[in-house]
Amino acid sequence: MSLPYTKKVLDHFMHPHNVGKIENPDASATEGSPACGDMVKLYLKVNEKTQIIEDIKFESYGCASNIATGSIITDLARGKTLEEAKTLNWKSAADALGGLPAVKVHCAVLAVDALRTAIENYEHQHGLLKEKTPTTRTVVLRRLSKVINPLAGLDVVKTKLVKKVEVENHKVTVYVELPSDHQFANNVRNEIEERIEPLWDVNQVKVIFTKQ
Ligand code: FES
């Protein structure tokens with residue numbers, strides 16, 4: 001079955017804008033979609049004085065709509081202030097693409113989530129949070145619920161790959177039920193660290209593999 005993609009979606013899929021990595025970004029975020037197991041990574045360069053997004057790039061590990069929505073959302077966010085960029089939602093992406101098939105809406109949600117999280121990470125790291133909520137287990141679990149378990153294509157919390165989370169004295173410890181020499185162990189560790197380290201009051205993240 002072929003999906004009814006608009007010409008604009010196909011254009012952005014074939015010739016995506018803003019693809020790649022920014023070295024030394026001011027913030028970044030990786031988001032995984034629990035709906036399909038795909039991922040997108042987004043990087044930001046922000047002018048500290050004006051809070052304008054001066055550069056933005058993304059890497060996609062997903063479907064055609066993932067690439068097209070990453071392309072359009074980075075186009076829309078470039079040149080905007082962080083506050084303006086926060087108002088973008090999946091509908092902004094879908095509208096700018098001339099519509100998306102309903103089954104592909106989660107792909108646009110994924111791109112928007114990556115942008116939101118990157119902005120949130122920037123705010124955490126630059127003292128811009130309006131409310132400084134202390135990091136609790138719930139906060140950590142919420143962030144981890146976007147990390148995909150590569151063995152299952154679903155998130156690491158729901159699939160119980162994360163066994164336990166401890167938060168104490170600005171230190172977060174995450175227990176993962178994998179052997180430390182498992183082929184995905186490093187990858188899972190990196191993603192967990194990447195999601196938790198930006199939190200404003202976290203000084204250290206430790207991932208412990210619990211399986212022999
Ligand atoms: Fe997974 Fe599109 S189907 S992001």
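Residues numbered from 1 in each chain as written. Predicted model: local features only at pLDDT ≥ 70, side-chain atom pairs only at ≥ 80, totals over all residues. Heavy atoms only, no water.

### Comments concerning the sheet that holds strand β6 (residues 162–168)
Argument step 1. On the basis of which strands lie adjacent, the open sheet formed by 3 strands has the order β6-β7-β8 and mixed pairing. Of all strands in the sheet, those bounded by a partner on one side alone are β6 and β8 (204–211). Strand-to-strand twist across the sheet, computed as the mean angle between neighbouring axes with direction ignored, equals 20°.
Argument step 2. Here 6 bridges tie β6 to strand β7 (residues 171–179), and the two strands are oriented antiparallel to one another. The partner of K164 across the bridge, within β7, is Y175.
Argument step 3. Packing against the sheet, helix α6 (residues 137–144) makes contact with β6 and β7, and its axis sits at approximately 135° to β6. (Pairing = 2+ DSSP bridges. Helix = DSSP H or I, 4+ residues; strand = E, 2+ residues; numbered from the N terminus. Axes fitted to C-alpha atoms, helices over the stretch in contact; angles between N-to-C directions. Contact = heavy atoms within 4.5 Å.)

### Describing the pattern of salt bridges
Argument step 1. Applying the stated rule across the entire model yields 14 salt bridges.
Argument step 2. With a closest N to O distance of 3.9 Å, D55 and K57 form a salt bridge.
Argument step 3. Residue D55 is classed as partly exposed on the basis of its relative accessible area, which comes to 22%.
Argument step 4. The exposure class assigned to K57 is partly exposed, which follows from its relative accessible area of 23%.
Argument step 5. For D55, the salt bridge identified is with R78, shortest N-O distance 3.3 Å. Within this pair, whereas D55 is found in strand β3 (residues 53–61), its partner R78 is found in the loop between α2 (64–77) and α3 (82–86), the two being separated by 23 residues in sequence.
Argument step 6. By sharing partners, the salt bridges in this structure join E31, D113, K146 and R195 into a single network. (Salt bridge = Lys/Arg side-chain N within 4 Å of Asp/Glu carboxyl O. Buried < 20%, exposed > 50% of the residue type's maximum accessible area, 1.4 Å probe, protein only.)

### Re unusual backbone geometry
Argument step 1. Residue K160 is not a glycine yet carries a positive backbone phi of 60°.
Argument step 2. Mapped onto the fold, K160 is located in the loop between β5 (154–155) and β6.
Argument step 3. Among the residues examined, K160 registers a relative accessible area of 56% and is labelled exposed.
Argument step 4. Unlike most non-glycine residues, H170 shows phi in positive territory, near 65°.

### Observations concerning the pairing of β7
Argument step 1. Of all 9 residues that make up β7, 7 are buried, and the element is covered over most of its length.
Argument step 2. Once β6 ends, the chain turns through 2 residues before running back antiparallel as β7, passing N169 with a positive phi of about 45°.
Argument step 3. In this sheet, β8 lies alongside β7 in parallel orientation, the contact comprising 7 bridges. Residue pairing in the sheet places V174 in a bridge with V207 of β8.
Argument step 4. Handedness of the β-α-β unit built from β7, helix α7 (residues 185–196) and β8 comes out right-handed. (Right-handed = clockwise from strand over helix to strand, strands pointing away.)

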